Amino acid sequence: MERTYTIGEVASEMGIPASTIRYYDSNGLLPGVLRTEGGMRLFTRADLEWLRLVGYLKMSGMTIREIRDFVELYQGGDATIEQRRALVYGRRSEIERQMAELQQTLDFITYKCWYYDTASAAGTCAVVESMTEEDMPPHIAEIKRRCDDQAR
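Residues numbered from 1 in each chain as written. Predicted model: local features only at pLDDT ≥ 70, side-chain atom pairs only at ≥ 80, totals over all residues. Heavy atoms only, no water.

S.K.: Got a minute to help me understand the overall build of the protein chain in this structure?
M.R.: Each helix and strand counted, the protein chain has seven helices and two strands in total. Element order for the protein chain, N to C, with α for helix and β for strand: α-α-β-β-α-α-α-α-α. With the C-alpha coordinates aligned to their principal axes, the bounding extent of the protein chain is approximately 75 × 35 × 25 Å. Looking at the protein chain as a whole, 30% of its 152 residues qualify as buried. A total accessible area of about 9,900 Å² is found for the protein chain, and carbon and sulfur atoms account for 55% of it. (Helix = DSSP H or I, 4+ residues; strand = E, 2+ residues; numbered from the N terminus. Buried < 20%, exposed > 50% of the residue type's maximum accessible area, 1.4 Å probe, protein only. Areas by Shrake-Rupley, 256 points an atom, 1.4 Å probe, with all protein chains shown as cover.)

S.K.: Sorry, what's going on with helix α2 (residues 18-26) here?
M.R.: Each α-helix winds once per 3.6 residues, and so residues spaced three or four apart point in a common direction. Buried within α2 are the following residues: A18, I21, Y24 and D25. Projection of α2 onto a plane perpendicular to its axis shows the buried side chains occupying an angular sector of 120°, all on one side. Just downstream of α2 lies G28, where phi reads positive at about 75°. (Arc of directions from axis to C-beta.)

S.K.: What is the right way to read the packing of helix α1 (residues 7-14) against α2 from this model?
M.R.: Helix packing geometry: the angle between the two helix axes and the distance between the axes. Interaxial distance between α1 and α2 falls to 9 Å at its minimum, and their mutual angle equals 110°. The orientation of α1 relative to α2 falls into the category roughly perpendicular. The element α1 and its partner α2 pack so that their crossing is right-handed. Seen from α1, the contacting residues are I7, V10 and A11; seen from α2, they are A18, I21 and R22. Looking at the contact of α1 with α2 residue by residue, the class counts come to five nonpolar, no polar and one charged. (Axes fitted to C-alpha atoms, helices over the stretch in contact; angles between N-to-C directions. Parallel < 35°, antiparallel > 145°, perpendicular 65-115°, else oblique. Left-handed = near helix turned anticlockwise from the far one by under 90°. Contact = heavy atoms within 4.5 Å. Nonpolar A, V, L, I, M, F, W, Y, C, P; charged D, E, K, R; others polar.)

Below you can see the structure in the form of structure tokens.
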């Protein structure tokens, strides 16, 4: 017989609160979780992998409803492969868009860190404001150009 885990063991291993696992289960996100006659949840290794999937789908920005829809598609078997495929590709595209947006933000903050480090060392922002891109370190000048281009 396959080893089973209590909700406490799963919470500890996964690093998430037991209340989150109960919430996911009560919202239909954990199909097939076993229960004892007393109603206590028992999880298998497959359930832990499924819980990991739910966590990643949640981190990807999917709502509980969208994850539930994914679960329903999964339970539909091979007939829903293309729908599930489209869903994960859609999430991937959205994550790539968000990452590009975050990279733009990081570039801007990197430039501002350099700006204020330089101004602090000089004791005035006027030093930085009077610089041309040729006076800046090349990687900072490149970041500044990208930030300026994005502002247009």
